[in-house]
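A look at the structure
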Amino acid sequence: MWGTDLRRYKMNKLSSEERTKISKFAGNLFGRKSYQASKFFFDWVVNNNYLKILTIKDENLHVISMIHKISLNYDKNKINSFFNFVSDQNYRGAGLKHLVEIKKENCFFIPAVTDQLLSLTYEKFGANKLRFQWYKRYLIPFPSLIAFKYYFGKKNNIIMQMRGNIIITNDIHSGNKLNKIAKKIGFNDFRYLQWRLQSINNKRVFLIEDNVRNGFVIAILGRRKKIPLLRIISSNGSSAVVKNLIDEACRFSRKLGALLCLVTIHHSQSDELSKDNRYKPRKGINTFLKGQVNLSENMIMLYGDLGIEEQFGI
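As the structure is a computational prediction, the values presented were derived from the model and not from experiment.

1. Overview of the overall build of the chain
- The helix and strand tally for the chain stands at 10 helices and 15 strands.
- Its C-alpha atoms give the chain a radius of gyration of 19 Å, within 12% of the compact-globule value 20 Å for 314 residues.
- For the chain, the C-alpha atoms occupy an extent of roughly 60 × 40 × 35 Å along the three principal directions.
- Expressed as a percentage of its 314 residues, the buried residues of the chain come to 56%.
- Of the roughly 15200 Å² of accessible surface on the chain, 50% is carried by carbon and sulfur atoms.
- A gap of 4 Å separates the mean positions of the 52 positive and 25 negative side-chain charges of the chain.

Written as structure tokens, this is what we have:
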């Protein structure tokens with residue numbers, strides 16, 4: 001039998017032995033080169049206590065189940081986000097303890113669930129399905145000089161490109177960019193936003209902004225299952241403005257060798273995107289929220305793990 005304790009680890013207090021055990025378990029379940037097992041991810045988590053790792057161990061103190069948890073205060077309410085819920089197949093049922101913990105929460109957010117049985121479980125816990133749409137668009141890479149500078153230039157090389165009234169840059173941690181994002185999406189925890197949008201060498205997160213029509217999208221350039229891609233994780237503006245910004249993001253990412261664009265967008269912003277048959281709907285992905293919290297659809301995905309693989313994956 002597995003142990004009866006549910007351990008919560010603050011990463012800045014995690015011993016090297018515990019870190020090794022968790023990394024090994026994550027590597028076995030997600031892949032040895034997955035972000036969940038990578039040094040970049042652990043080092044990022046250490047920067048703040050926003051993210052905790054909950055584990056269950058067997059009698060030999062080997063990790064057999066794990067879930068990640070981000071805790072934040074929003075509008076005088078505490079909300080917990082849960083993701084990366086995995087268990088060793090040899091210990092079926094061990095992860096039920098994680099579900100019991102989630103069930104006790106008055107307010108929780110689950111960013112993406114593909115397991116339909118798990119989706120039904122969260123609904124039974126009182127969570128509501130949020131109206132988010134998921135799309136994919138295949139891209140034909142068109143490498144250019146900007147790609148050479150991005151991949152072979154300085155580690156923290158800043159990219160800045162202007163096309164008409166649209167500005168694309170990965171220099172979002174300097175100046176007033178983060179303040180502007182926080183104000184637009186009604187987010188009052190600037191330090192969390194700064195932490196959440198970090199990446200390897202702080203070069204993978206891009207802001208695509210329309211200064212005239214008052215909109216922006218946040219995109220991550222990275223890899224998923226070894227495929228170079230762009231992932232849209234947050235958007236602000238009307239359906240038409242957001243669609244135009246995503247098109248520009250795709251055009252730009254082609255120059256950096258992306259083969260795919262993945263988009264997660266709230267239903268209220270999806271009208272124009274849904275009319276373009278280049279963006280194929282992805283079915284069977286559910287997002288859940290329990291609790292009376294007035295979270296903006298422009299930023300709610302920043303509460304979860306969307307884009308972290310691209311930010312910290314190898």
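2. Here we look at the pattern of salt bridges
- With the rule as written, the count across this model stands at 19 salt bridges.
- Measuring nitrogen to oxygen at the nearest pair gives 2.6 Å for the salt bridge that ties E209 to K180. With E209 in strand 10 (residues 205-210) and K180 in helix 6 (residues 177-185), this pair connects stretches of sequence that are 29 residues apart.
- Relative accessible area serves as the criterion here: at 6%, E209 is assigned to the buried category.
- Taking relative accessible area as the criterion, K180 reaches 34% and is therefore assigned partly exposed.
- The network of salt bridges with common partners includes R137, K243, D247, D276 and R278.

What counts, and at which threshold
- Residues numbered from 1 in each chain as written.
- Predicted model: local features only at pLDDT ≥ 70, side-chain atom pairs only at ≥ 80, totals over all residues.
- Heavy atoms only, no water.
- Helix = DSSP H or I, 4+ residues; strand = E, 2+ residues; numbered from the N terminus.
- Rg over C-alpha atoms; globule rule 2.2 N^0.38 Å.
- Buried < 20%, exposed > 50% of the residue type's maximum accessible area, 1.4 Å probe, protein only.
- Areas by Shrake-Rupley, 256 points an atom, 1.4 Å probe, with all protein chains shown as cover.
- Lys, Arg positive; Asp, Glu negative; His and termini not counted.
- Charge placed at Lys NZ, Arg CZ, Asp CG, Glu CD.
- Salt bridge = Lys/Arg side-chain N within 4 Å of Asp/Glu carboxyl O.

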